[in-house]
Amino acid sequence: MSSSATTATRTPRLDGKVVVPGDGRFDSARQAWNLAIDQRPAAVVLPESAADVSAAVRYAAERGLRVAAQGTGHNAGPLGSLADTVLLKTERMRGIQIDPVARTARVEAGVVWLDVVHAAARYGLAALAGSSPDVGVVGYTIGGGMSFLGRKYGLSANSVLAIEVVTADGRLVRANHEHEPDLFWALRGGGGSFGVVTAIEFRLFPIAEAYAGVLWYPIERGSEVLHAWGELTRGEVPDELTTVGRFLNLPPIPDIPEPVRGKSFVIVEAYHAGDPAQADELLAPLRALGPVNDTIATLSHLHMDPEHPAPGAGDGLTVDQLPAEAIDAFVHAAGPGAAFPLLSVEMRHIGGEFARPRPGNGALACIDAEYALYAVGTTPVPDLAGPVMAQIGAVKDALAPWAARQMYLNFAETQTPAAPLWTERAYQRLRQIKADVDPGNLIRANHPVPPAAR
């Protein structure tokens, strides 16, 4: 690769932005957010503009290499070996433009959600942001995007107005409903197989704050609490309310607040984008159980995801229904009697607008399920990866009788057959579009769509 590095320095737009093995910057440049993933690409390119991305795609193609784009690397595991791949780390592309009149945002490929939340909040606006403040906007959105506002407003991918993308031939195109409509459709929930996204434009919503927080209970009360939560979700729940039933086993590390450090809980998270009195009425049965702490108030950050890179392993599935016996299975597999305690096992109530396939939606038109399960464990040493994944598998197996057919891209952190991520009709259309825009399969994604045969 040393000759490649020499060639790269002769390309003005990539001068100093190509990092190859042997370069002192290589180890930091190749690192994903998930520190447990050991990425070893043929080269890393650190573009600062769409023109740089276009040059990087051509750089890879000229050398017979493939291309994988990465904003943060939260879901890097399914990529597998990168030995034949140029990794485009878009973290330097951090431009944000907010139009408070049109209620839109345009963000570049390296922007994370916390930046957008703060920028939009100045105008009393909100985006369909992810639960993790440092998840990249682009990767989250092209994978669907499951916001706490999504029961009311749907998947983040379906609030997108335009996407700027470099295709496999190095062209920069702006895709929307009128221009490159097939590519626009594919990029809204079809994942990253169709090009390198350089910027994305999406709607914002007039929500300055939400009534949200957490009800905390000792983990030993898991069955009682989660059965009450399950009854809530099976009732008449307005789209404005999203809740999560969750087991937490918090590690004894300084980053965790002292009152909960090293302790285990069953919790119910609530996020309500409406009248707090309505939320209080709906949550009354859970409060009647006497939580040890009730933090539900007006706030902007709820889910307590790590805000810094960390080693871990996770995976999930979607669930059609959650009767009492499914709650029992969930508690047995993930609660206080679990064979191996995971950091977090959550069951998120989705449904609502998530489940409505509106005309004009993208490749992931909706999530045809009522719940989404996600389980994650920390792996500070490699030897823990096996036990963590075995326990995640046990949790998934326990919920398998109630699992939905469709898997959600952003919760799939292992290599998953592509077809179950979309409807069969959508998957076949995605394969055709891939064949049209990238017949040589230059562009890689963590959940790849292979080109249709010609």
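Residues numbered from 1 in each chain as written. Predicted model: local features only at pLDDT ≥ 70, side-chain atom pairs only at ≥ 80, totals over all residues. Heavy atoms only, no water.

**Q** How would you sum up the sheet that holds strand β2 (residues 43–45)? Please name residues and give values.
**A** Spatially, the five strands line up as an open sheet ordered β1-β2-β4-β3-β18, and their pairing is mixed. Sheet topology places β1 (18–19) and β18 (443–444) at the edges, where each strand pairs with a single neighbour. Here three bridges tie β2 to strand β4 (residues 85–89), and the two strands are oriented parallel to one another. Each residue of the ladder has a partner; that of V45, found in β4, is L88. This element, helix α3 (residues 50–62), spans β1, β2, β3 (66–70) and β4 of the sheet and lies at about 170° to β4. (Pairing = 2+ DSSP bridges. Helix = DSSP H or I, 4+ residues; strand = E, 2+ residues; numbered from the N terminus. Contact = heavy atoms within 4.5 Å. Axes fitted to C-alpha atoms, helices over the stretch in contact; angles between N-to-C directions.)

**Q** Summarise the sheet that holds strand β8 (residues 172–175); cite the residues concerned and give the values.
**A** One open sheet holds the five strands; their spatial order is β5-β6-β9-β7-β8, and the pairing between them is antiparallel. In this open sheet, the two edge strands, each paired with only one partner strand, are β5 (96–99) and β8. Going from strand to strand, the sheet's axes swing by 10° on average, the running direction of each strand aside. By the bridge criterion, four bridges tie strand β7 (residues 160–166) to β8 in an arrangement that is antiparallel. Bridged to V165 within β8 is V173. Against the sheet, helix α4 (residues 113–121) contacts β5, β6 (104–108) and β9 (196–203), and its axis sits at roughly 35° relative to β5.

**Q** Which residues make up unusual backbone geometry, and what are the values?
**A** Despite not being glycine, E180 shows a phi value in the positive range, around 55°. Its place among the elements puts E180 in the loop between β8 and α7 (181–187). The backbone of N441 sits at a positive phi, close to 60°, despite the residue not being glycine. Following the sequence through the fold, N441 ends up in the loop between α12 (424–437) and β18.

**Q** Mind laying out the packing of aromatic side chains, listing which residues take part and the relevant values?
**A** Inspection of the entire model under this criterion finds 10 aromatic pairs. In this structure an aromatic cluster arises from ring pairing among W113, Y140 and F202. Just above the ring of W185 sits the side chain of R429; from NZ or CZ to the centre is 4.0 Å. (Phe/Tyr/Trp six-rings, centres within 6.5 Å; stacked < 30°, edge-to-face > 60°. Lys NZ or Arg CZ within 6 Å of the ring centre and 35° of its normal.)

**Q** How would you explain the pairing of β8 if you had to name every residue and give the values?
**A** Burial along β8 is one-sided: the residues V173 and A175 are buried and none of L172 and R174 is. Here β7 hands over to β8 after five residues, with G170 in that stretch at a positive phi of 90°. (Buried < 20%, exposed > 50% of the residue type's maximum accessible area, 1.4 Å probe, protein only.)

**Q** Tell me what's going on with the nonpolar core, and back it up with residues and numbers.
**A** Among the nonpolar cores identified, the biggest contains 98 residues, and F202 and L286 are the most heavily contacted of them. At seven residues, the largest contribution of residues to this core is made by helix α10 (residues 324–334). The contacts of F202, once residues within four sequence positions are left out, are R103, T104, A105, V107, W113, V116, A127, V137, S159, V160 and L161. Core analysis: the next-biggest nonpolar cluster, separate from the first, contains 22 residues, V45, V57, A60 and V86 among them. (Core = buried A, V, L, I, M, F, W, Y, C linked by side-chain atoms within 4.5 Å.)

**Q** Tell me about the packing of helix α8 (residues 222–233) against helix α9 (residues 276–287), and name the residues and values.
**A** The N-to-C vectors of α8 and α9 enclose an angle of 155°; their axes lie 9 Å apart at closest approach. For the element pair α8 / α9, the angle class is roughly antiparallel. Remark: the crossing between α8 and α9 carries right-handed chirality. Mapping the contact onto sequence places V225, A228, W229 and L232 in α8 and L282, L283 and L286 in α9. Of the residues that constitute the contact of α8 with α9, the class distribution is seven nonpolar, no polar and no charged. (Parallel < 35°, antiparallel > 145°, perpendicular 65-115°, else oblique. Left-handed = near helix turned anticlockwise from the far one by under 90°. Nonpolar A, V, L, I, M, F, W, Y, C, P; charged D, E, K, R; others polar.)

**Q** Describe in detail the environment of V138, supporting the description with residues and values.
**A** Structurally, V138 is set in helix α5 (residues 137–142). For the pair V138 and W113, spaced 25 residues apart in sequence, the C-alpha to C-alpha distance is 9.4 Å. With near-sequence residues (within four places) excluded, V138 lies in contact with E108, A109, V197 and I200.

**Q** Tell me about the side chain of H272, and name the residues and values.
**A** Secondary-structure assignment places H272 in strand β12 (residues 264–272). A distance of 3.4 Å separates a polar side-chain atom of H272 from the backbone oxygen of D275. Here H272 is in contact with A210, Y211, E240, L241, Q278 and A279, once residues within four sequence places are set aside. (Polar contact = N/O pair within 3.5 Å; in protein donor to acceptor, adjacent residues only side chain to side chain.)

**Q** So what about α4? Which residues, and what values?
**A** Along α4, the residues classified as buried are W113, V116, A119 and A120. Along the axis of α4, the buried residues cluster in a sector spanning 130°; they form a single face. (Arc of directions from axis to C-beta.)

**Q** Can you explain the pairing of strand β15 (residues 312–319)? Please cite residues and give values.
**A** The buried count for β15 comes to eight of eight residues, which makes it a mostly enclosed element. Burial along β15 is two-sided: G312, G314, G316 and T318 and A313, D315, L317 and V319, pointing in opposite directions, are all buried. Pairing between β15 and strand β17 (residues 371–378): eight bridges, direction antiparallel. Within β17, the residue paired with V319 across the bridge is Y371.

**Q** Can you tell me about the pattern of salt bridges, naming the residues and giving the values?
**A** A complete count under the given rule lists 27 salt bridges for this structure. Put simply, K396 and D315 hold a salt bridge, and the shortest N to O gap is 2.8 Å. Of this pair, K396 sits in helix α11 (residues 385–399) while D315 sits in strand β15, and the two are 81 residues apart along the sequence. Each of R151, D239, E353, R356 and R358 takes part in a single network of salt bridges with overlapping partners. (Salt bridge = Lys/Arg side-chain N within 4 Å of Asp/Glu carboxyl O.)

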